[in-house]
Amino acid sequence: MSLTSDPPATEAVTKDPGADASVPALVVVPVRHPWRWVAVAATAVLLVQFVHGLVTNPGWEWDVFAAFFTTETILHAVWVTLQLTFYGTALGFAIGIVLAFMRLSASPFLRSVAFGYIWAFRSIPLIVQLLFWFNLAYLYKELSIGIPFGPSFLSFDTMGLVGEMGAAVLGLALHQAAYAAEIVRGGVLAVDEGQLEAAASLGIPKLRQVRRIVLPQAMRSILPNAANEIISLFKGTSIVSVMAIGELFYQVQVVYGRNGRVVPLLMVATAWYVLLTTALSVVQHYVERHYAKGSVR
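It should be emphasised that the depicted structure is a prediction, and the values quoted were computed from it without experimental measurement. (Residues numbered from 1 in each chain as written. Predicted model: local features only at pLDDT ≥ 70, side-chain atom pairs only at ≥ 80, totals over all residues. Heavy atoms only, no water.)

Draft legend 1. Region of interest: the pattern of salt bridges. Evaluation of the coordinates by the stated rule reveals three salt bridges. A salt bridge links Glu61 to Arg261; the shortest N-O distance between them is 2.9 Å. One end of the pair, Glu61, is in the loop between helix H1 (34-56) and helix H2 (62-68); the other, Arg261, is in the loop between helix H11 (248-259) and helix H12 (262-291), and 200 residues separate them in sequence. A relative accessible area of 36% places Arg261 in the partly exposed class. Among the salt bridges present, the one from Arg103 reaches Glu182, with a minimum N-O distance of 3.1 Å. Of the two residues, Arg103 sits in helix H3 (residues 72-103) while Glu182 sits in helix H8 (residues 164-189), which places them 79 residues apart along the sequence. Residue Arg103 is classed as partly exposed on the basis of its relative accessible area of 23%. (Salt bridge = Lys/Arg side-chain N within 4 Å of Asp/Glu carboxyl O. Helix = DSSP H or I, 4+ residues; strand = E, 2+ residues; numbered from the N terminus. Buried < 20%, exposed > 50% of the residue type's maximum accessible area, 1.4 Å probe, protein only.)

Draft legend 2. Main features of unusual backbone geometry. Here Glu61, not a glycine, exhibits a phi torsion of approximately 50°, which is positive. According to the relative accessible area criterion, Glu61 is partly exposed, its value standing at 23%.

Draft legend 3. Structural detail: the confidence of the model for the protein. Residues at a pLDDT of 70 or more form 88% of the protein, whose mean pLDDT is 83. When the elements of the protein are averaged for pLDDT, helix H7 (residues 158-161) gives the smallest value, 68, and helix H4 (residues 108-123) the largest, 93. Within the model, the stretch residues 1-5 combines pLDDT values under 50 with zero contacts to residues more than four positions away or in other chains. Every residue in residues 9-14 scores below 50 in pLDDT, and together they form zero contacts with partners more than four places removed in sequence or on other chains. (pLDDT = per-residue confidence, 0-100. Contact = heavy atoms within 4.5 Å.)

Draft legend 4. Region of interest: the nonpolar core. Within the largest apolar cluster, 25 residues are counted, with the highest numbers of intra-cluster contacts made by Leu84, Leu99, Tyr117, Leu172, Val240 and Met243. Within the residue set of this core, elements represented by two or more residues are H3, H4, helix H5 (126-134) and H8. Sequence-distant contacts of Tyr117, defined by excluding residues within four places in its chain, comprise Ile95, Leu99, Leu174, Ala177 and Ala178. Within the second largest apolar cluster, 18 residues are counted, among which are Phe65, Leu265, Ala271 and Leu276. (Core = buried A, V, L, I, M, F, W, Y, C linked by side-chain atoms within 4.5 Å.)

Draft legend 5. Molecular detail of the packing of H8 against helix H10 (residues 206-236). Between H8 and H10, the shortest axis-to-axis distance is 8 Å and the interhelical angle comes to 150°. The two elements H8 and H10 cross, and the hand of that crossing is right-handed. Across the interface between the two elements, Leu172, Gln176, Tyr179, Ile183, Val184, Gly187 and Val188 of H8 pack against Val214, Ala218, Ser221, Ile222, Asn225, Ala226, Glu229, Ile230 and Leu233 of H10. Residue composition of the contact of H8 with H10, by class: eleven nonpolar, four polar and one charged. (Axes fitted to C-alpha atoms, helices over the stretch in contact; angles between N-to-C directions. Left-handed = near helix turned anticlockwise from the far one by under 90°. Nonpolar A, V, L, I, M, F, W, Y, C, P; charged D, E, K, R; others polar.)

Draft legend 6. Region of the structure containing the packing of aromatic side chains. Taken as a whole and judged by the stated rule, the model has eight aromatic pairs. Between Tyr117 and Phe121 the ring centres are 4.3 Å apart and the planes differ by 25°, which places this aromatic pair in the stacked class. Here Tyr117 pairs with Phe121, and both are found in helix H4, just four residues apart, close to one helical turn. Assessed through its relative accessible area of 17%, Phe121 is described here as buried. Their ring planes at 75° and their centres at 5.2 Å tell us that Phe132 and Trp133 sit as a pair that is edge-to-face. (Phe/Tyr/Trp six-rings, centres within 6.5 Å; stacked < 30°, edge-to-face > 60°.)

Draft legend 7. Fine view of the environment of His76. Structurally, the position occupied by His76 is in helix H3. Assessed through its relative accessible area of 48%, His76 is described here as partly exposed. In the structure, His76 is positioned 171 residues away from Glu247 in sequence and 8.0 Å away in space, judged by C-alpha atoms.

Draft legend 8. How the structure looks around the side chain of Glu229. Here Glu229 shows up in helix H10. Buried within the structure, Glu229 lacks any salt-bridge partner; Arg122 is the closest side chain of opposite charge, at an N-O distance of 8.8 Å. Once residues lying within four places of it in the same chain are set aside, the contact partners of Glu229 are Gln176, Tyr179 and Ile183. (Lys, Arg positive; Asp, Glu negative; His and termini not counted.)

Below, the structure written as structure tokens:
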């Protein structure tokens, strides 16, 4: 027979007759957070005041905002902004992946070249890079293809080859590549080295190791930072307005320079940036969820 046993589930639990009846029962009091409620109330009041000001202040000129929000000029400018973002991101990350694996290479020369590129393009402001590529024809009248330090076979006029849009994409992509390289390198380093050793012991080719083992796991670390960079590049396309390219911010400046409605036109640009950034964030969420399969429940 067991020396101890739990009482049956139906047995009533009686009060210990030896307990002191003069001791009052303990009262459980929930934790109170008075200052938290003060902060909530103050924040709510400020938020309501802000929304009330947006709705009632005539200076916002919401009728002008509505009139220009979907005009053909603004929609075309949004399309140009999306093109700059897409081409800059695609080319930037393509170059960045190459630079990342150069930095991870066993060759000291390749590591040094990749490090020098990243150091230079992260040090020089983006606006300076854009203006440099925009004025490339001033330094090189023509670009040629041929034997290095020897005769050339084909020559191209630099002014016709690298126009305003090409210079903007080139500047954005090369600038983005420096940051993309470090993002990709960090994601690759986050993968356990033992998995590569196991794959090598099984005779899996190096390229397949990278494609099927390293990158799918590295994407979990790469995606959040990469999405931030893409969103930053999307908003950073406003810098190309110095090159008179008809992206969103430049066109807004042109319009309010003509009619003087500065605030509502700036709100048009702000609303489009918010909408498109939100769409990119939604895409980021689903892509991250896809690559998180098997690691997040």
